[in-house]
Amino acid sequence: MSLISLVGVRKDFGIRTLFDNLTLHVGEKERLGLIGPNGAGKSTLMRLLAGLEPPGAGERRVLSQARIVLVSQEPEMDPERTVLEQVFAESGEKMELLGRYTALSDALGHAHAEGRDDTALLAELGSLNARMDQSQAWDLEQQIREVLERLGIGDTQRKVGELSGGYRKRLALASALVAEPDVLLLDEPTNHLDADCIQWLQGYLERFSGALVLITHDRYVLDQVTRRIVEVDRGEARSYSGNYAYYLARKAEEEAAAAASEVKFKGALRRELEWLKRGPKARSTKQKARIQRIEAMQEAPKRQAKGQISLASNQRRLGKRAIEAEDLAVWATDEARTAGGTPLLKAFSYDFSPEDRIGIIGPNGSGKSTLLDLIAGRRRPHGGRLELGGTVKLAYFDQHSETVLGNTKVLEKKVIDVVKEAASTVEVDGSQLSASQLLERFLFPPAQQHQPVSKLSGGERRRLHLCRLLIEAPNVLLLDEPTNDLDVHTLTVLEDFLEDFRGCVVVVSHDRYFLDRTVDRLFSFENGELQRFEGNYSAYLDRQAAIASQPATRAISKPAPPDASAQKDPAPDKPSAPSKTRRRSFKESRELAALETNLPAWEQQRSELERLMGANGSDYTALEALTQELSALLAQIEAGEERWLELSELSA
């Protein structure tokens, strides 16, 4: 059964058509991944599915009562709410149940005070209690706090308006996960998340019970979570029943078949043209038909081959010395250093070689981007020495590279003019390419090259900025979260380019797949120090897992301390005497009697707290205090029950 259907949908923006006669169905428990080039319309398609964008033609059908939540790349929120209030407000059915419980409790109190019959209210309250138990609405705040913590948001009382764009995106993601809708639409949810958060999110989405539609550049998430891939490209949406690995295999088969068909078509057309050039003497009906067939073959619409990005560049030679760092130290601010705060980086020394492929990893805020800023000369270290080699030509692709193309003057320029400012021609693979030819290799067709930069999507601007950087032929590349907002196809070719790049590459990324393909050495930020590891990211995770398991292994297999008896020959085994059941002491008997009195009283206290939580459902401050009290009481009840079982098994 389809929860959302787009039937015969058309969507265009002026002269540019995104979709034409597109049909897409999202079924129950769907696991659908949307992929395609930047600007192909993936985010627009998400908005169409969510009902936030009207189709130009066709229709959108939605199952009644289906709850749909979209987490867009730029979510809208109330800036005056606190983090906790924002997630409560977007918690969907669970918050509605709490609100209804509050209203029923109030009505029941009024009916009781006025002496009216409250049978119907009690029946509805009982039914509502069952629904709240089923949806775990009682534990809403605990769920919210756990999800926020997992996504790296600690200050729940901070105003939404004070949050950065990355934290706002995390907050929107937390709200959507807590709401547990029937259809969850996620547009690049892994942006701004560190590796641990992405790993947790992947597991959460694998367990999610509703339908999921996902746009992501993280190919590990795409491969593990999705069960159907829909490729959006040139106005079409082609479906593949399988995960990302299956999609790649099918695409390889299709492209091989298409290439073979194209060769056959060209051969047939060449033979027909040769026959036509010989100039047949007679114009019989059969010959006329053959001429018409030739004309039809020449005019037949050909599916344009998908643009290929060629990033091979006219690289400058890099000498033996690339980057030298000695005892580098840096604090977040000068004030933090003066106050004796913890440095982001201390005593870091390393000589970067021309062949280095280095990944920098660590939690958000640990100092990864700061290190790249130091190398690029955007910041000065508070201590130590940093020098670049004399032949270094550095290119820095940072997280905010799209803003370079975002000021008013640049937005008004044509795409081709932005590239010409860097170079009008470039040597690629031994031949000279014009700026227009280079842009075509970066998937910018001629019609788009003469559009203003303002018409480009965020991902297209990132791709344009990457083109502009690489046309300058660098030999040292600094890449700060390069996978953000770039489509999967662009990332694949960028990875291929980095494999052949003859120079030093330093990458900051949370994208596990990208790191596995591009680096062979890692530096991990740990308490202001960079710990070195030889290998890619998957090998690093295996090493970390092995380290984490070692203490437990040692604890289990730790030998007993040596004693005198251990040095003697072991005595033969003797049958052990049957153990006697221990009797309860007088003190334990009194403790058991007290528990039998206290446990029912604690259960009554629990019911009263749950009632008060329902009555204060809209008062977040009171609700937080009650939740904490209830949590402590539940722990007390659990410990009391375990102790009661332990004591009751002893003989009196």
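Cut-off values and rules
- Residues numbered from 1 in each chain as written.
- Predicted model: local features only at pLDDT ≥ 70, side-chain atom pairs only at ≥ 80, totals over all residues.
- Heavy atoms only, no water.
- Core = buried A, V, L, I, M, F, W, Y, C linked by side-chain atoms within 4.5 Å.
- Buried < 20%, exposed > 50% of the residue type's maximum accessible area, 1.4 Å probe, protein only.
- Helix = DSSP H or I, 4+ residues; strand = E, 2+ residues; numbered from the N terminus.
- Contact = heavy atoms within 4.5 Å.
- Phe/Tyr/Trp six-rings, centres within 6.5 Å; stacked < 30°, edge-to-face > 60°.
- Lys NZ or Arg CZ within 6 Å of the ring centre and 35° of its normal.
- Pairing = 2+ DSSP bridges.
- Axes fitted to C-alpha atoms, helices over the stretch in contact; angles between N-to-C directions.
- Salt bridge = Lys/Arg side-chain N within 4 Å of Asp/Glu carboxyl O.
- Parallel < 35°, antiparallel > 145°, perpendicular 65-115°, else oblique.
- Left-handed = near helix turned anticlockwise from the far one by under 90°.
- Nonpolar A, V, L, I, M, F, W, Y, C, P; charged D, E, K, R; others polar.

1. Details of the nonpolar core
And step 1. One finds Leu-439, Leu-464, Leu-477 and Leu-498 to be the most contacted residues of the largest nonpolar core, which totals 42 residues.
And step 2. The leading source of residues in this core is helix 18 (residues 458–470), at 5 residues.
And step 3. Residues within four places of Leu-439 in sequence aside, it is in contact with Val-415, Ile-416, Val-419, Phe-444, Gln-449, Leu-464 and Cys-467.
And step 4. Among the nonpolar cores identified, the runner-up in size contains 35 residues, and Leu-140, Val-178, Ile-198 and Leu-205 belong to it.

2. Quick notes on helix 12 (residues 368–376)
And step 1. By the criterion of burial, helix 12 is predominantly enclosed, with 7 of the 9 residues buried.
And step 2. Listed in full, the buried residues belonging to helix 12 are Lys-368, Thr-370, Leu-371, Leu-372, Asp-373, Leu-374 and Ile-375.
And step 3. Taken from the residues just after helix 12, Gly-377 is the one with a positive phi, measuring 80°.

3. Details of the packing of aromatic side chains
And step 1. Inspection of every chain in the model, using the stated rule, returns 10 aromatic pairs.
And step 2. On the basis of an interplanar angle of 80° and a centroid distance of 5.2 Å, the ring pair of Tyr-240 and Tyr-247 is categorised as edge-to-face.
And step 3. With 5.7 Å between their ring centres and 70° between their planes, Phe-533 and Tyr-540 make a pair best called edge-to-face.
And step 4. Since its relative accessible area comes to 11%, Phe-533 is described here as buried.
And step 5. Linked through ring pairs, Phe-348, Tyr-350, Phe-352 and Phe-523 together constitute an aromatic cluster.
And step 6. Residue placement shows Arg-170 over the ring face of Tyr-167; its charged tip is 4.9 Å from the ring centre.
And step 7. When the ring centre of Phe-444 is taken as reference, the NZ or CZ atom of Arg-463 above it lies at 4.9 Å.

4. Here's the deal with the sheet that holds strand 4 (residues 57–62)
And step 1. What the 3 strands build is an open sheet, ordered 2-1-4; its pairing is antiparallel. The open sheet has two edge strands, strand 2 (16–27) and strand 4, and neither has a second partner. Strand-to-strand twist of the sheet, defined as the mean angle between neighbouring strand axes without regard to direction, takes the value 15°.
And step 2. Looking at chain direction, strand 1 (residues 2–13) and strand 2 are connected through 8 bridges and run antiparallel.

5. Description of the environment of Phe-523
And step 1. Following the sequence through the fold, Phe-523 ends up in strand 19 (residues 521–526).
And step 2. Those residues in contact with Phe-523 that sit more than four places away from it in its chain are Phe-348, Tyr-350, Ile-358, Gly-359, Ile-360, Ile-361, Leu-530, Gln-531 and Arg-532.

6. Comments concerning unusual backbone geometry
And step 1. If you check the backbone angles, Glu-180 has positive phi at about 50° while not being a glycine.
And step 2. By the element assignment, Glu-180 lies in the loop between helix 6 (165–179) and strand 6 (183–187).
And step 3. At His-192, a position not held by glycine, the phi torsion is positive, near 75°.
And step 4. Relative to the elements of secondary structure, His-192 occurs in the loop between strand 6 and helix 7 (195–207).

7. Looking at the pattern of salt bridges
And step 1. Tallied over the full model, the rule gives 32 salt bridges.
And step 2. Among the ionic pairs, Asp-12 bridges to Arg-10, the shortest N-O distance being 3.2 Å.
And step 3. We classify Asp-12 as partly exposed; its relative accessible area is 32%.
And step 4. With relative accessibility at 29%, the residue Arg-10 sits in the partly exposed group.
And step 5. Taking the shortest distance from any N to any O, the salt bridge between Lys-11 and Glu-53 comes out at 3.2 Å. Note that Lys-11 is positioned in strand 1 and Glu-53 in the loop between helix 1 (42–50) and strand 4, a separation of 42 residues in sequence.
And step 6. The class for Lys-11 is buried, based on a relative accessible area of 9%.
And step 7. The class of Glu-53 is buried, set by a relative accessible area of 18%.
And step 8. Among the charged side chains, a network of salt bridges with common partners joins Arg-219, Glu-495, Asp-496, Glu-499 and Arg-517.

8. Digging into the packing of helix 15 (residues 415–422) against helix 18
And step 1. Two elements in contact, helix 15 and helix 18, have axes separated by 8 Å at closest approach and are oriented at 25°. In terms of orientation, helix 15 lies roughly parallel with respect to helix 18. For the pair helix 15 and helix 18, the crossing hand works out as right-handed. Residues Val-415, Val-418, Val-419, Glu-421 and Ala-422 of helix 15 touch helix 18, and the partners they reach there are Leu-464, Cys-467 and Arg-468.
And step 2. Among the residues forming the contact of helix 15 with helix 18, the class breakdown is 6 nonpolar, no polar and 2 charged.

9. Quick word on the sheet that holds strand 13 (residues 383–388)
And step 1. Taken in spatial order, the 3 strands line up as 11-10-13 in an open sheet, and their pairing is antiparallel. Every interior strand has two partners, whereas the edge strands, strand 11 (345–352) and strand 13, have only one. Along the sheet, successive strands turn relative to each other by an average axial angle of 15°, direction set aside.
And step 2. One ladder, built from 5 bridges, connects strand 10 (residues 323–330) with strand 11; its direction is antiparallel. When the sheet's bridge partners are listed, Leu-328 is paired in strand 11 with Phe-348.

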